[in-house]
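Next come the chains, spelled out residue by residue.
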Amino acid sequence: MMHEDQPWPGTWRTIAYQLLTLPVRIVEFAVLLVLLVAGIATTIVWVGIPLLMLATTLTHRFADFERRSLRRWLRTPLADAIRNRADGLVRNWFAQLTDATTWRDLAYLLITTPLAIVEFVLGIVSAIIVPLALTVAPGAGWLHGKLALALLGPPRAERLEAKATRLQASRARGVDAAENERRRIERDLHDGAQQRLVSVAMTVGRAKAKVGGTEPDTAELQRLLAEAHTDAKLAVSELRDLARGIYPAVLGDRGLDAALSALAAKSPVPVSVSVDIDQRPPAAVESTTYFVVGETLTNAAKYADASDIRVDVRRDGDTVIVEVTDDGRGGAEIRPGGGLAGLADRAATIDGTVSVVSPAGGPTVVRAELPCSW
């Protein structure tokens, strides 16, 4: 599902888009203009009908090409268009003429050609004057992307409906994730610390019985106390691990950089960590980031046969981007019930997403996009 909000595009992606797509858009504009003028002028003698039908088909093709280009170059979150269809050539054409998507596609293709010329000039100048490129080019790309969202994206009602559906699904996954986490904590307490403490109580009771005897067995008493002491330390360790699994103290005290560096230090595979966030995000985003990195590092160490892992956490507008890249053998995917699926469910509780790109032979990139507001 595509998000409604558009990220700020990168400088060099924007310049490349501005320089490479102008000839294509000029050709699109010229072809459509000729077909529309000729088709409308000759409609009275029926010759214009096939021309207008061709113009409609090309409008769809050109608009779909623009959607793919915008997704690739400007990272504009545009989904593929859903258009009205009908049986029969003429009926299908009339169905498309009554579809608002067709007219919005045509409006975008005709309106953005003058804009493309301005963007092309900006791209040429920015390639020469680098400081201008760093300031003006991304803004121009962002404005172009907003116009594309308004015309090539779904109508506002559909966007709101899709967003509501996505939020509803995210909340449902969040409830499931919370329930699974509760069961995990309950299981760990029952099978771990609780059993240890029961063992401590029983051992102390046996030691107490030895002390109360007429002739205490010092050696046996020392053994029982040592056993109780060991079990008590194990219980404390298990409770500490359990607490760390809920919310690590170092994360709350010192933030993401220190917490992720601590995770990297424990990894059997060398890990480099880069955290570029100018201020601390909300606690929910921090904890989700921590667990995404922790689970991914664990998976890479166990299954990927990796020799190097990179962790990159950065801010992109109102989104925290988390990327963990390893040079292992690849083949990772999100499977129902798997660790990565659990991360996706955890991210969904804050309307975030987790994606995995892991071709055979590697590298593997686990990427989380976590929206937040500062």
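Shown above is the structure to which this text applies.
Throughout what follows, the structure given in this document is the object of discussion. (Residues numbered from 1 in each chain as written. Predicted model: local features only at pLDDT ≥ 70, side-chain atom pairs only at ≥ 80, totals over all residues. Heavy atoms only, no water.)

**Points about the overall build of the protein chain**
Across its full length, the protein chain carries 11 helices and five strands. Looking at the 374 residues of the protein chain, the share that counts as buried comes to 37%. Accessible area for the protein chain stands at about 20400 Å²; split by element, carbon and sulfur atoms hold 62% of it. (Helix = DSSP H or I, 4+ residues; strand = E, 2+ residues; numbered from the N terminus. Buried < 20%, exposed > 50% of the residue type's maximum accessible area, 1.4 Å probe, protein only. Areas by Shrake-Rupley, 256 points an atom, 1.4 Å probe, with all protein chains shown as cover.)

**Let's talk about unusual backbone geometry**
Between Gly362 and the following residue, Pro363, the backbone shows a cis peptide bond with an omega angle of -5 degrees. With a phi angle near 65 degrees, Asp351 is a residue other than glycine that sits in the positive phi range. Mapped onto the elements, Asp351 comes out in the loop between helix H11 (339–348) and strand E4 (353–357).

**Comments concerning a nonpolar patch on the surface**
A cluster of nonpolar residues, Ile117, Val121, Ile124, Val125, Ile128 and Ile129, forms a patch on the protein surface that exposes about 510 Å² of accessible area. Among the structural elements, Ile128 can be located in helix H4 (residues 100–128). Assessed through its relative accessible area of 67%, Ile128 is described here as exposed. (Patch = residues over 30% accessible without salt bridge, like charges linked within 9 Å, V, L, I, M, F, W, Y side chains within 5 Å. Salt bridge = Lys/Arg side-chain N within 4 Å of Asp/Glu carboxyl O.)

**As for the sheet that holds strand E1 (residues 271–276)**
Spatially, E1-E2-E3-E5-E4 is the arrangement adopted by the five strands of the open sheet, whose pairing is mixed. The open sheet has two free edges, formed respectively by E1 and E4, since each of these has just one partner strand. Averaged over all pairs of adjacent strands, the angle between their axes in this sheet comes to 10 degrees, without regard to strand direction. As judged from the eight bridges shared by strand E2 (residues 309–316) and strand E3 (residues 319–326), these two strands associate in the antiparallel manner. Bridge assignment links Asp312 to a residue of E3, and that residue is Glu323. Here helix H10 (residues 283–304) sits on the sheet and contacts E1, E2, E3 and strand E5 (364–371); the angle it forms with E3, its principal contact strand, is near 10 degrees. (Pairing = 2+ DSSP bridges. Axes fitted to C-alpha atoms, helices over the stretch in contact; angles between N-to-C directions. Contact = heavy atoms within 4.5 Å.)

**Structural notes on the packing of H10 against H11**
H11 packs onto H10 with a crossing angle of 175 degrees between their chain directions and a minimal axis gap of 10 Å. By the angle between their axes, H10 is roughly antiparallel relative to H11. Residues Thr288, Phe291, Val292, Glu295, Thr296 and Asn299 of H10 form the contact with H11, whose participating residues are Gly339, Leu340, Leu343, Arg346 and Ala347. Along the lines of polarity and charge, the residues of the contact of H10 with H11 split into five nonpolar, four polar and two charged. (Parallel < 35°, antiparallel > 145°, perpendicular 65-115°, else oblique. Nonpolar A, V, L, I, M, F, W, Y, C, P; charged D, E, K, R; others polar.)

**Here's the deal with the environment of Leu221**
By secondary structure assignment, the location of Leu221 is in helix H7 (residues 218–246). The spacing of Leu221 and Lys208 is 13 residues in sequence and 8.6 Å in space, taken between C-alpha atoms. Ignoring any residue separated from it by four or fewer positions in sequence, one finds Leu221 in contact with Ala207, Lys210 and Val211.

**A few points about the pairing of E2**
Pairing of E1 with E2 involves six bridges; the strand directions are parallel. If you follow Ser274 over to E2, its bridge partner there is Asp312. In terms of handedness, the path from E1 via H10 over to E2 forms a crossover that is left-handed. Linking two consecutive strands that pair antiparallel, namely E2 and E3, is a turn of two residues; a positive phi of about 65 degrees is found at Gly317 within it. (Right-handed = clockwise from strand over helix to strand, strands pointing away.)

**Some points on the side chain of Glu28**
Within the fold, Glu28 resides in helix H1 (residues 11–41). Of the side chains with opposite charge, Arg25 comes closest to the buried, unpaired Glu28, at an N-O distance of 6.2 Å. Apart from residues lying up to four places away in sequence, Glu28 is in contact with Phe62, Phe65, Glu66 and Leu109. (Lys, Arg positive; Asp, Glu negative; His and termini not counted.)

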